[in-house]
Amino acid sequence: MPNSLQAHLPVLSSAKPRFSLVLLVMLLYFLASKMTFAVSHSYPNVSLIWLPSGIATAALFRFGRPMMAVIFVAGLLMELSWSLKLHVAVPLALGNLLGPLLASWIMRRQRFNPRFARRRDVVGFTAAAMLGAALSSSAGILTVMALGRQPVSGSSWFSWWAGDAVGTLLIAPMLLSLSAHFPTALQRRTKELLTFLVVLCSVHWFVFLSPYNHLNMIFIVVGTLIWAAIRFDLTLVSSSTLASALFAAWAASQHQGPFSDDDSASLFTLWAYATTIALITLLIASLQSENRAARKQIHDAYQRIHKVASRLPGLVMQYRVRDQHTSSVPFASDTIRQMFEVAADEVRENARPLFQRIDRRDFETGKRRLYEAAAQLSAWQTEFRLHRRDGSIRWLYIDALPEPEPDGAMLWHCFVTDITDRKQADTELRIAACTFESQEGIFVTDPNWRILKVNQTFTRLTGYEATELTGCHPPILRNREQHEGFFQEIVDALHQHHFWHGELWSSRKNGDIYPQMITLTAIMDDNGEVSNYIGSFTDISQHKGYEAEIRNLAFYDSLTQLPNRRLLMDRLAHLISIHQRNSSHSAIFFIDLDNFKALNDTRGHDAGDLLLVETAKRLCECVRDSDTVARLGGDEFVVVLEELSDSKEEALQQAGKVAEKVRQVLSEPYQITDFEHHGSSSIGVCLFQGGDITVKDLFKRADTAMYEAKTAGRNAVRFFDPAMQAILVVRMLMESNLRAALANNQFQLHYQVQVNADGKLIGAEALLRWKHSDRGFISPADFIPVAEETGLILPIGKWVLETACVQLKKWEADPDTADLTLAVNVSAKQFQQHDFVDTLCDMVSRHQINPTRLKLELTESTILDNVDATTEKMHLLRKIGIAFSMDDFGTGYSSLAYLQRLPLNQLKIDQSFVRDLSEDENNATIVRAIISLGVNLGLNVIAEGVETKAQRAFLIAHNCYAFQGYLFSRPLPQEGFLAMIKEPPSNDA
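Residues numbered from 1 in each chain as written. Predicted model: local features only at pLDDT ≥ 70, side-chain atom pairs only at ≥ 80, totals over all residues. Heavy atoms only, no water.

The chain is annotated in an unreviewed UniProt entry as EAL domain-containing protein of Undibacterium oligocarboniphilum. Note on the chain: under the UniProt heading Subcellular location (unreviewed entry), the record states "Cell membrane". (UniProt positions renumbered as here; feature names shortened; annotations may be inferred.)

Caption draft 1: Spotlight on helix H22 (residues 565-579). Between its terminal C-alpha atoms H22 stretches 21 Å, which fits the 21 Å expected from 15 residues at 1.5 Å a residue. When H22 is considered as a whole, its buried residues turn out to be Leu-567, Leu-568, Leu-572, Leu-575, Ile-576 and His-579. A distance of 3.3 Å separates the backbone nitrogen of Arg-566 from a side-chain oxygen at the start of H22, and that oxygen is part of Asn-564. (Helix = DSSP H or I, 4+ residues; strand = E, 2+ residues; numbered from the N terminus. Expected span 1.5 Å × (residues − 1). Buried < 20%, exposed > 50% of the residue type's maximum accessible area, 1.4 Å probe, protein only. Polar contact = N/O pair within 3.5 Å; in protein donor to acceptor, adjacent residues only side chain to side chain.)

Caption draft 2: The pattern of salt bridges, seen in detail. Counted under the stated rule, the structure contains 34 salt bridges. Notably, a salt bridge pairs Arg-361 with Asp-359, separated by 2.9 Å at the nearest N-O pair. The partner of Asp-557 in a salt bridge is Arg-631, and the shortest N-O contact between them spans 3.1 Å. Here the residue Asp-557 occupies a position in the loop between helix H21 (541-555) and H22, and Arg-631 occupies one in strand E12 (residues 628-633), the gap between them amounting to 74 residues. Assigned by exposure class, Asp-557 and Arg-631 land together as buried. One connected set of salt bridges, linked through shared partners, spans Glu-341, Arg-357 and Arg-388. (Salt bridge = Lys/Arg side-chain N within 4 Å of Asp/Glu carboxyl O.)

Caption draft 3: Molecular detail of the confidence of the model for the chain. In the predicted model, the chain carries a mean pLDDT of 84, and 90% of its residues have values of at least 70. Confidence drops under pLDDT 50 across residues 1-15; counting only partners more than four residues distant or on other chains, this segment forms 29 contacts. (pLDDT = per-residue confidence, 0-100. Contact = heavy atoms within 4.5 Å.)

Caption draft 4: Examining helix H11 (residues 234-253) more closely. Helix length check: H11, at 20 residues, gives a terminal C-alpha distance of 28 Å against a target of 28 Å (1.5 Å per residue), a fit within 8%. Burial analysis of H11 places 15 of its 20 residues in the buried class, which makes it a mostly covered element. The backbone nitrogen of Thr-235 has a side-chain oxygen 2.9 Å away, supplied by the residue at the start of H11, namely Asp-233.

Caption draft 5: Fine view of the environment of Ala-162. Note that Ala-162 resides in helix H7 (residues 154-177). The sequence separation of Ala-162 and Ser-645 amounts to 483 residues, and the corresponding C-alpha distance is 118 Å.

Caption draft 6: Structural context of the sheet that holds E12. Taken in spatial order, the five strands of this open sheet run E12-E13-E11-E16-E17, and their pairing is mixed. Edge positions in the sheet fall to E12 and strand E17 (717-719), since each of these pairs with one other strand and no more. Taking each pair of neighbouring strands and ignoring which way they run, the sheet shows an average axis angle of 20°. Two elements, E12 and strand E13 (residues 636-641), share five bridges in a ladder whose sense is antiparallel. Bridging from a neighbouring strand, Arg-631 pairs with Phe-637 of E13. Along the sheet, H22 makes contact with strand E11 (585-593), E12, E13 and strand E16 (681-689), crossing E12 at roughly 135°. Packing of helix H26 (residues 695-711) onto the sheet brings it into contact with E11, E12, E13, E16 and E17, and relative to E16 it is tilted by some 145°. (Pairing = 2+ DSSP bridges. Axes fitted to C-alpha atoms, helices over the stretch in contact; angles between N-to-C directions.)

Laid out in structure tokens, this is it:
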């Protein structure tokens with residue numbers, strides 16, 4: 001049996017059949033036998049259609065030898081149900097088994113396909129059914145004769161044989177072709193199936209049961225079944241055929257229809273009818289299957305050809321030209337879409353879209369050549385340009401052979417290739433020929449460097465004629481720089497990369513030596529061997545004179561003639577690479593001249609330039625010739641010390657000595673024109689070893705150390721410490737996060753209450769809080785200094801004032817908060833902005849708040865940095881009602897003389913004094929003095945950081961009646977603040 005059939009049939013020859021399958025087969029066998037004898041006939045003991053034989057044949061073929069016992073038992077039970085003795089029933093059941101067993105064996109031997117895919121399957125199946133029926137009928141007749149049950153004759157054997165054969169032909173195809181896909185196949189044609197069933201029932205009624213049943217209209221039934229065989233699945237066709245035969249047999253038993261006569265001729269006709277419709281439907285089904293298989297083979301062959309054609313480096317197509325000058329493309333490979341930007345279906349009937357974008361000039365030429373080739377039955381070959389939709393132009397080449405057709409048309413078998421690249425190569429060759437006679441000297445040599453050809457520029461530059469050098473080596477000069485090793489490097493580069501570009505010294509015919517900028521290219525043949533060398537060069541004698549000046553401008557500082565940043569970075573990169581091979585240390589100094597800007601501003605830039613020149617001179621005198629002194633720009637210099645000790649401790653000492661020497665030398669007086677200048681420098685030192693550091697990292701570290709030296713008070717030397725870098729990284733991250741916080745609205749204002757001696761709420765202080773998306777709340781002590789240094793305090797401060805104004809406006813609408821004042825801290829940098837007054841006035845006007853409810857808290861440093869300007873701004877803001885409080889009073893160096901000039905409303909005692917009132921008598925004395933000073937100057941005094949009742953009592957006892965601190969409330973967000981003030985006051989308050 002073929003593998004495909006084995007996959008289709010659940011053969012159970014090597015396993016026991018399932019109980020459900022056994023029961024189903026036995027029940028089907030038994031019921032079929034009862035149904036068969038239910039259709040009576042005038043001839044006794046004659047079964048018109050013996051369906052059990054077909055069931056047994058199908059079961060044995062599909063499920064194999066395990067079904068033998070099942071069929072035998074089913075037959076035995078059937079015989080016993082007719083009240084036959086066991087010794088009679090056993091041989092009859094065995095005979096009923098032998099026929100189907102022979103039929104299934106024959107079917108397997110001939111590799112029968114249960115889908116009746118071939119006509120040979122129908123023939124083989126019919127023969128197997130006939131032979132099996134002959135064996136069953138013979139075994140049955142012999143059994144009856146041996147037992148002497150009743151007389152037998154030839155007609156009895158024929159009746160038995162015919163019933164078994166017809167039963168097998170009718171029901172076995174249905175059971176063999178039945179599969180799980182059958183319901184799905186029916187669903188795809190539901191409407192047609194319902195129509196067919198209605199027609200089938202109507203036809204059978206008309207032919208067998210209607211008043212016209214005597215007209216013998218059997219051909220109508222056959223036509224209906226042929227319709228089914230053409231349109232439907234084999235299972236449905238076999239089912240329809242079986243139903244039709246059974247209906248005809250039943251009608252005959254009821255003396256209806258064409259087979260109702262009680263004679264043997266009528267019985268034979270019925271068998272012939274059943275056999276005929278079974279064979280007709282099976283043959284038609286097999287023909288349909290063969291037709292589908294043939295179409296599939298043709299389709300597969302077409303697809304294979306199409307795939308091959310699609311993989312050719314061009315377009316394969318057939319082009320048909322008819323007498324009436326119409327054309328079409330019966331076949332085209334997939335390349336047509338890529339090449340002509342049309343689909344094969346678009347030109348299958350009309351080839352006009354194929355030619356619409358062909359260049360008109362090429363179209364006429366191609367058309368003329370087509371007619372000439374058709375007249376001579378010769379190949380049609382032509383080139384043409386195709387204008388693509390994107391505006392580009394592709395060159396195509398068609399090569400076609402003609403084939404005259406019987407109807408007078410000419411079929412051209414064409415192969416079209418894209419020759420754009422070839423055309424481009426031709427163009428490039430023409431360009432190359434023109435380029436050869438260019439402004440560069442060009443020579444071509446053989447693989448042994450013997451000149452084959454030179455251009456006119458070569459002759460003009462060298463003085464040699466082409467005839468003088470043909471067969472000779474190019475005139476290349478050998479000197480100390482261009483030694484044998486140098487030329488070997490050129491040969492190696494050409495061998496490896498097939499290209500070399502650089503400078504060579506050559507000689508002219510008159511003996512002059514001149515420099516060339518030359519490009520050498522190795523031309524390879526198909527075997528990968530050098531076939532030629534091509535050299536192109538220019539005389540760079542004039543350029544050489546400019547190189548030193550260009551190099552000086554590119555790599556040296558024009559004022560001090562020291563290496564600039566670019567040259568310094570090159571030398572550092574080279575030094576780092578050297579460190580990969582030795583263990584010595586090196587050091588880099590970042591040197592910044594202190595207060596250089598003051599000299600420039602007071603004495604002019606000329607004096608500053610003289611100082612820079614003198615500084616460069618002193619630095620060079622402090623270091624060795626092997627060390628590097630460079631100027632980065634402005635007043636920044638760099639010193640690089642090389643080949644220090646391998647020991648880190650010794651290297652640190654060496655670098656420290658040199659750095660201290662540099663600091664002392666730069667601290668000595670400078671005689672600049674007519675005055676003496678005293679300066680100093682801040683020096684950052686970074687020691688490094690090995691190649692695991694970059695130039696960028698060195699600059700960062702040395703710059704960090706120098707920044708630390710400036711922070712330490714200038715005129716100092718500081719070595720790089722990794723902790724410095726960590727602090728800078730944290731600071732950079734903090735700055736980045738601050739910018740993100742502004743953009744993402746991560747800042748909040750919390751409010752801390754301010755109360756009087758009676759515990760009554762008189763106002764609040766707005767305190768800035770930052771709630772980071774990942775880190776939560778970040779202390780103001782961490783981010784405020786960074787904001788001050790980076791200038792971010794300006795937009796942050798503006799946001800705080802804007803938010804405070806919005807909040808005051810909301811408080812005005814609530815009776816509980818309408819009388820509260822709101823204190824806002826303003827940084828020195830923000831207050832010193834020239835537009836601070838205008839900006840704040842605009843906010844007050846825009847939000848329409850009562851300015852007397854807004855109080856600005858300024859630190860002593862803010863006020864005293866520029867007393868006159870600060871006083872003017874304060875007076876302008878006091879005019880519109882804004883109040884001022886001096887924050888952290890007592891922590892700075894306040895001048896009492898200035899204090900009386902300032903339009904202050906309040907002094908705030910710093911919490912550092914309040915915190916230790918009970919333990920530190922000095923703090924208590926200071927607090928009493930501040931309160932006394934404020935009272936005498938007519939200022940309100942408020943103490944912050946009040947946390948205990950004892951502190952509050954002390955302050956009240958010394959005439960301070962306003963407080964702020966944890967004793968009353970922590971800083972709260974807006975919701976918590978409002979909830980707190982609406983609570984009833986506690987007894988403690």
